[in-house]
Amino acid sequence: MRNYDSGPPPSTVINQNETFANIIFKPTVVQQARIAQNGILGDFIIRYDVNREQSIGDIQVLNGYFVHYFAPKDLPPLPKNVVFVLDSSASMVGTKLRQTKDALFTILHDLRPQDRFSIIGFSNRIKVWKDHLISVTPDSIRDGKVYIHHMSPTGGTDINGALQRAIRLLNKYVAHSGIGDRSVSLIVFLTDGKPTVGETHTLKILNNTREAARGQVCIFTIGIGNDVDFRLLEKLSLENCGLTRRVHEEEDAGSQLIGFYDEIRTPLLSDIRIDYPPSSVVQATKTLFPNYFNGSEIIIAGKLVDRKLDHLHVEVTASNSKKFIILKTDVPVGPQKAGKDVTGSPRPGGDGEGDPNHIERLWSYLTTKELLSSWLQSDDEPEKERLRQRAQALAVSYRFLTPFTSMKLRGPVPRMDGLEEAHGMSAAMGPEPVVQSVRGAGTQPGPLLKKPYQPRIKISKTSVDGDPHFVVDFPLSRLTVCFNIDGQPGDILRLVSDHSDSGVTVNGELIGAPAPPNGHKKQRTYFRTITILINKPERSYLEITPSRVILDGGDRLVLPCNQSVVVGSRGLEVSVSANANVTVTIEGSIAFVILIHLYKKPAPFQRHHLGFYIANSEGLSSNCHGLLGQFLNQDARLTEDPAGPRQNLTHPLLLQAGEGPEAVLTVKGHQVPVVWKQRKIYNGEEQIDCWFARNNAAKLIDGEYRDYLASHPFDTGMTLGRGMSREL
């Protein structure tokens, strides 16, 4: 009926004391007519609050370091002044724009009555819904949704113009409403591209935005897809008290936008300042915060000058929707818990013993994070270098992975007879018992190392790679067998099928390419996608391509293959080594390594593709099947002629290429003609001798090639395997 910020409506009488309030609303006919010409029709809403005990937060101290957690609850929310700025350029056509519209519909319904909002769509033109901020009513929400619905993708991307227009809307409203100290001004900015229209110079866009916002407008940015200028969005948010998020091409932009907005939907405090006596505290992390949102937490860490200090004086000042808050208290901090010889020791012992100072480590983490933010924002090269050196030194000392440090991790894998080593190749990083090492990026190794140490992984030769070439290792008899499968593009091959027992299935999808000149094949095929399904102890799905890994095990996670990362939960660990390999470990007893093959300038017959290697099959059952799985629990024997005397032909040098009779391989009770061959594995780093089975391994594998075709990437069915009798 009216803006509640202007006070209660006429005739309202309020009587209250510390424990009781009596509100009477009894307008006369004349007073009703002043409110609405046709009389009052609406809800009489009473908004009230109670006195709460204001807490300074929780402070912990250990061996001269302190951490202060400040997360007040039960505060009335601050009104939001928010402008949603949506990229409607031509590149947003299709799913991205549709998902974003749907998300904004949901967000508009979440706005509170005390909030104000507007909407801007931008391409090469800036299209403003209203030239002023609108109060939140059912009608305004409906009109805003209609405006968003009719946005259509066209034109270029004027990022600077859109931001300037949004900031002007907010500054105009705050200047005329007088609500500035009791509200928070936000811009939620979403784009999928780079500036192409208007001002396109990054530094000028940043300067223009900073000068216009003047620290009074916080900008929260979302970048969609692979073509977005994410560095620009990151700096826009860092310089204007906001946050940024990146939505990868395969992800749902709508759900990401809603999740991002949930983090900032309820501001509780603004202009937060936390002070400690300079004589008591040094090297404290950031103590000024523009906003505090419900569900978040303010964390400050620092060093105490006097370790014997009994009390620490703390002052917190902030603004909320009703008043200016000042909290002062002396927090008892002693006696401090003494660690086990951790004073002055920034890192835990390598053998896992000792009692590391977790508060000191938290201080170092927050300090490193702030140094990285300052480095990112700075445009002064000498200052950037000083910040980089400080961040790198701190990160190396406390073993943090940053853009300026590198970390090499390898965990244990059970050793198996016949396992081979991939020599000196980053594409074969993976499990092997080796200590962790951290050093600053770009630093030179010690004099004993002629070149940086390259980790090695010990994995079985049992694999499929290339066009696709299959290799099966029989370690007991020291035999290696190889065969080719000439599939068709789009075929999905069952590589490992153990769904009923261990719960693991591995499928691979083929992609086609023209044959190289003077080749004997009409076309080549490679694996472009490897899918791994795990059904025990929890159901999880993995989809791996040369560019990204999708892990869906309750929560969907997308990992780019150009960044090194390790994630794990519920018995599953996925380790990505940037542009090299993906290692998947299941319950510690099954491990697969997927090599990533990338070409800088691929020839017409080359494609980015994957190789699949089995590192540990201990956890797979004896009923395991599939093109590779059927051989994991078998052994093989080689003879010169099934009708003649048995000879020991396990060493390939006994049969030189083109010489001697064709050998016969006996495996699973079947006799298979084979010839000696040489084949390269481990990304071409190692040449092996193998016995080759011709004709798509027709007499080697159970059934026929078509029996191993899956109907879709996550198909777990298998027509061969348990209880199958094979016809020869």
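Please refer to the structure placed before this passage.
Now for a quick tour of the structure.

Cut-offs applied
Residues numbered from 1 in each chain as written. Predicted model: local features only at pLDDT ≥ 70, side-chain atom pairs only at ≥ 80, totals over all residues. Heavy atoms only, no water. Salt bridge = Lys/Arg side-chain N within 4 Å of Asp/Glu carboxyl O. Helix = DSSP H or I, 4+ residues; strand = E, 2+ residues; numbered from the N terminus. Buried < 20%, exposed > 50% of the residue type's maximum accessible area, 1.4 Å probe, protein only. Axes fitted to C-alpha atoms, helices over the stretch in contact; angles between N-to-C directions. Parallel < 35°, antiparallel > 145°, perpendicular 65-115°, else oblique. Contact = heavy atoms within 4.5 Å. Nonpolar A, V, L, I, M, F, W, Y, C, P; charged D, E, K, R; others polar. Phe/Tyr/Trp six-rings, centres within 6.5 Å; stacked < 30°, edge-to-face > 60°. Pairing = 2+ DSSP bridges.

Here's the deal with the pattern of salt bridges
(1) Moving on: All told, the structure shown has 16 salt bridges when counted by the stated rule.
(2) Moving on: Taking the shortest distance from any N to any O, the salt bridge between Asp 115 and Lys 80 comes out at 3.0 Å. With a gap of 35 residues between them, Asp 115 in the loop between helix H2 (95-110) and strand S6 (116-122) and Lys 80 in strand S5 (residues 80-87) connect regions that are remote in the sequence.
(3) Moving on: Given the relative accessible area of 0%, Asp 115 is considered buried.
(4) Moving on: With relative accessibility at 0%, the residue Lys 80 sits in the buried group.
(5) Moving on: Asp 275 is the partner of Arg 273 in a salt bridge, and the nearest nitrogen-oxygen pair spans 2.9 Å.
(6) Moving on: By relative accessible area, which is 41% here, Arg 273 ends up partly exposed.
(7) Moving on: The partly exposed category is assigned to Asp 275, whose relative accessible area is 25%.

As for the packing of H2 against helix H3 (residues 138-149)
(1) Moving on: Remark: H2 packs on H3, axes separated minimally by 10 Å, with the N-to-C direction vectors making an angle of 170°. Taken as axis vectors, H2 and H3 run roughly antiparallel relative to one another. Where H2 approaches H3, its residues Lys 101, Leu 104, Phe 105, Leu 108 and His 109 are matched on the opposing element by Ile 141, Gly 144, Lys 145, Ile 148 and His 149.
(2) Moving on: Class assignment for the residues of the contact of H2 with H3 results in five nonpolar, three polar and two charged.

Remarks on the packing of aromatic side chains
(1) Moving on: All chains considered together, the criterion is met by 13 aromatic pairs.
(2) Moving on: On the basis of an interplanar angle of 50° and a centroid distance of 5.5 Å, the ring pair of Tyr 65 and Trp 363 is categorised as tilted. Of the two residues, Tyr 65 sits in strand S4 (residues 65-70) while Trp 363 sits in helix H8 (residues 358-377), which places them 298 residues apart along the sequence.
(3) Moving on: A relative accessible area of 9% places Tyr 65 in the buried class.

A look at the sheet that holds strand S3 (residues 58-62)
Hydrogen bonds between backbone groups are what pair the strands of a sheet, and the pairing can be parallel or antiparallel.
(1) Moving on: What the four strands build is an open sheet, ordered S3-S4-S15-S13; its pairing is antiparallel. The open sheet has two edge strands with one neighbour each: S3 and strand S13 (281-282).
(2) Moving on: Note that S4 and strand S15 (residues 298-304) share six bridges and pair antiparallel. Each bridged residue has a counterpart across the sheet, and for Val 67 the counterpart in S15 is Ala 301.
(3) Moving on: Together, S3, S4 and S15 form the strand contacts of H8, whose direction differs from that of S4 by roughly 70°.

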